[in-house]
Amino acid sequence: MRFGNNGSNRSHISSVKTVRSVLTDTRTHRTHRTHRIRQTRPSLVAMCGIVGYAGQRPAIDVVVGALRRLEYRGYDSAGVALVGRAGTLSTMKRAGKLAVLDEALARSPLPEAGTGIGHTRWATHGAPTDPNAHPHLDESGTVAVIHNGIIENFAVLRRELEDSGVSMASETDTEVVAHLLARSLSDGADLAQAMRQVVGRLHGAFTLVAVRAGEPGRVVAARRNSPLVVGLGEGENFLASDVSAFMDYTRTALEVGDDTVVDLTADQVVLTDPAGRPVPRREFTVDWDLEAAEKGGHEYFMLKEIAEQPKAVADTLLGRLGPDGRLVLDEMRLSESEIRDIDKVVITACGTAFHAGLVAKYAIEHWTRIPCEVEMASEFRYRDPIIDRQTLVVAISQSGETMDTLMALRHAREQGARVLAICNTNGSTIPRESDAVLYTRAGLEIAVASTKAFLTQLVACYLVALYLGQVRGTQWGDEVAANVAALSDLPAKVDRVLETMQPVRELAKDYAAASSVLFLGRHVGYPTALEGALKLKEIAYMHAEGFPAGELKHGPIALVEAGVPVFVVVPSPRGRGSLHDKVVSNIQEVRARGALTVVIAEEGDDAVVPYADHLVRIPASPTLLQPVLATVPLQVFAAEMAALRGFDVDQPRNLAKSVTVE
Ligand code: F6R
């Protein structure tokens, strides 16, 4: 059951309260409330960090601490609302990073409170200004709301509110919710009922969290197609976009399904469906290491996460292949006979996870002989893909909340396909909606640029490919065993790559002023090249492109001029001789045109030496597994370039960690 639009166009607005009875952040309201904002373009808000708390601790500490953990989700503005024990509502919000809010709170502390909500924002449209920051209040200042997602029919609702005399204080879609909640409350609904009534009128995807003056100790939330999880403590409870927000306090979490309203106090959490009926509860334990949420002596989370890769890869392999060689999936709702019936695999994912999918295609087709397509999740359902009950769709996602991937998954299931999720986040939506799940065990990844999650996605893809090959009998036991052994060697090999990264860091100094960097590879070296280019774009803000090395002569070679750095990922000379030789020829082609070549090649590959301006050695491994090793220098290079060019390595501009809008 979904929250339905009640179909009524009757305006619910009969009176307009103008008294602000609450203690609010006067700066925002003085500047903006007095001027009715005419601009009606939505300031669509998405991918934000959301937190709610009810308990005995000072709510401000819990909420701001949790926002610090969530800042990687969005960081263009931040705000809090607290309800004191006497029922007073107070708020503070600021454009800019959380530190700006921190300073404002230090200058003008809010009154003590045991209940609070907080928000870090990532806006897709509209300026990240103080008035657009969350929380948003109704006109009487008694209801405070924070929001992640997009309210698609916000313009209609806004017009309706304005026509009845409501004055908007922001450009956001969120603010309409505050006014609508106030309307329902003044009609006699309690906060949870009001939330149900309001979300019944909303179209789009959202998580909403609200508190109300006069109701200390209560936080109400709702979600539709947007992340929300509950943390269960002793005499305190939490709400957040993800578990990292409350890992300091509790490891027991409660999943919140779609179209659910959460009514939370310090002592109880009630989940109801749109009709107000209780819904089944599913608790889970958060096993992420708390240290993952700290930089642990590294200058940036990204550097720490790169360094954690040997462990992340080892953890992802751990216990996965039972003594009989069977892959142990975390959740399996697919029988072996269903797996035998699969006649096509379609992988869908976004960004870095898509690159893992491209590598998986080579492994799946080689090891299983099942045709495999890889589709960007944002394009998947629009091309009307040919899928049916015999198609296995593999959805790869670190966060488990990426909206494009979730929508692709849902489309696949509607067509009858089976869906296997490869995911890093327990309790998230994508695994919950899949038929089978293999969790990557990268731990919490905080830097926006994905590193350890990517390597573990690669490993998970290899495991799935081996498993499919085994169930379908396309690999002999000894072949599986050899591949498993090669996989088991990877953590130590990644470690060795990491030990030799100083020259790569030095290299970044030479190229920090380059206007463009190219990346070439063949076979699985091609997705590796794409990943190297993506990393550089997203954190060093440089023009970077990845190409299949053989495609260069069909156009892109025109980009090569004297001094252009070109990274080339060279496949192993063992086994696939012609592949190796062709890439060596491609290095010569770009070098002949003045490129400065950075060659990533395995130890002992002497054929590349004459053509490499810089040579980066990686340990020998089967070509299919090479991306796990060859990607590491590319990550290190990108992080170093970003730092040298003076950018925030962990929180690049315009990006957010979890992309919860389409
Ligand atoms: C790049 C990056 C993004 C994500 C993409 C998918 O470094 O992190 O490209 O890979 O947004 O995110 P998930 O894996 O959470 O679905």
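Cut-offs and rules
- Residues numbered from 1 in each chain as written.
- Predicted model: local features only at pLDDT ≥ 70, side-chain atom pairs only at ≥ 80, totals over all residues.
- Heavy atoms only, no water.
- Buried < 20%, exposed > 50% of the residue type's maximum accessible area, 1.4 Å probe, protein only.
- Helix = DSSP H or I, 4+ residues; strand = E, 2+ residues; numbered from the N terminus.
- Pairing = 2+ DSSP bridges.
- Axes fitted to C-alpha atoms, helices over the stretch in contact; angles between N-to-C directions.
- Arc of directions from axis to C-beta.
- Contact = heavy atoms within 4.5 Å.

## Details of the pairing of strand E6 (residues 143-151)
Alright, step 1. Among the 9 residues that make up E6, 9 are buried, leaving the element largely enclosed by the rest of the structure.
Alright, step 2. Pairing of strand E5 (residues 136-137) with E6, which is carried by 2 bridges, proceeds in the antiparallel orientation. Within the sheet, the bridge partner assigned to His136 lies in E6 and is Val145.
Alright, step 3. Linking E5 to E6, which pair antiparallel, is a turn of 5 residues; within it Gly141 sits at a positive phi near 70 degrees.
Alright, step 4. Inspection of the sheet shows E6 paired to strand E7 (residues 204-212) by 9 bridges, in the antiparallel sense. Considered in E7, the bridge of Ile151 is made with Gly204.

## Comments concerning the sheet that holds strand E21 (residues 516-521)
Alright, step 1. Spatially, E22-E21-E23-E24-E25 is the arrangement adopted by the 5 strands of the open sheet, whose pairing is parallel. Bordering the open sheet on either side are strand E22 (543-548) and strand E25 (614-618), each of which pairs with just one other strand. Neighbour-to-neighbour, the strand axes of the sheet open up by a mean angle of 20 degrees, direction not taken into account.
Alright, step 2. Of the strand pairs in this sheet, E21 and strand E23 (residues 565-569) are connected by 4 bridges, and their pairing is parallel.

## Observations concerning helix H8 (residues 309-317)
Alright, step 1. Those residues of H8 that fall on the buried side of the exposure criterion are Gln309, Pro310, Ala312, Val313, Thr316 and Leu317. For H8, the buried positions fall inside an angular range of 165 degrees around the axis, keeping them on one side.
Alright, step 2. Where H8 is buried, its residues touch helix H7 (301-307), helix H14 (452-471), helix H15 (477-488), helix H16 (490-499) and helix H20 (627-644).
Alright, step 3. Phi turns positive one or two residues past the end of H8, at Gly319, with a value near 65 degrees.

## Quick look at helix H4 (residues 154-163)
Alright, step 1. Every buried residue belonging to H4 is among Phe154, Leu157, Arg158, Glu160, Leu161 and Glu162, and all of these are buried.
Alright, step 2. Of the surrounding secondary structure, the elements contacted by the buried residues of H4 are E6 and helix H5 (174-186).
Alright, step 3. Note on H4: the residue one or two positions beyond its end, Gly165, has a positive phi of about 100 degrees.

Keep in mind these values describe shape, not function.
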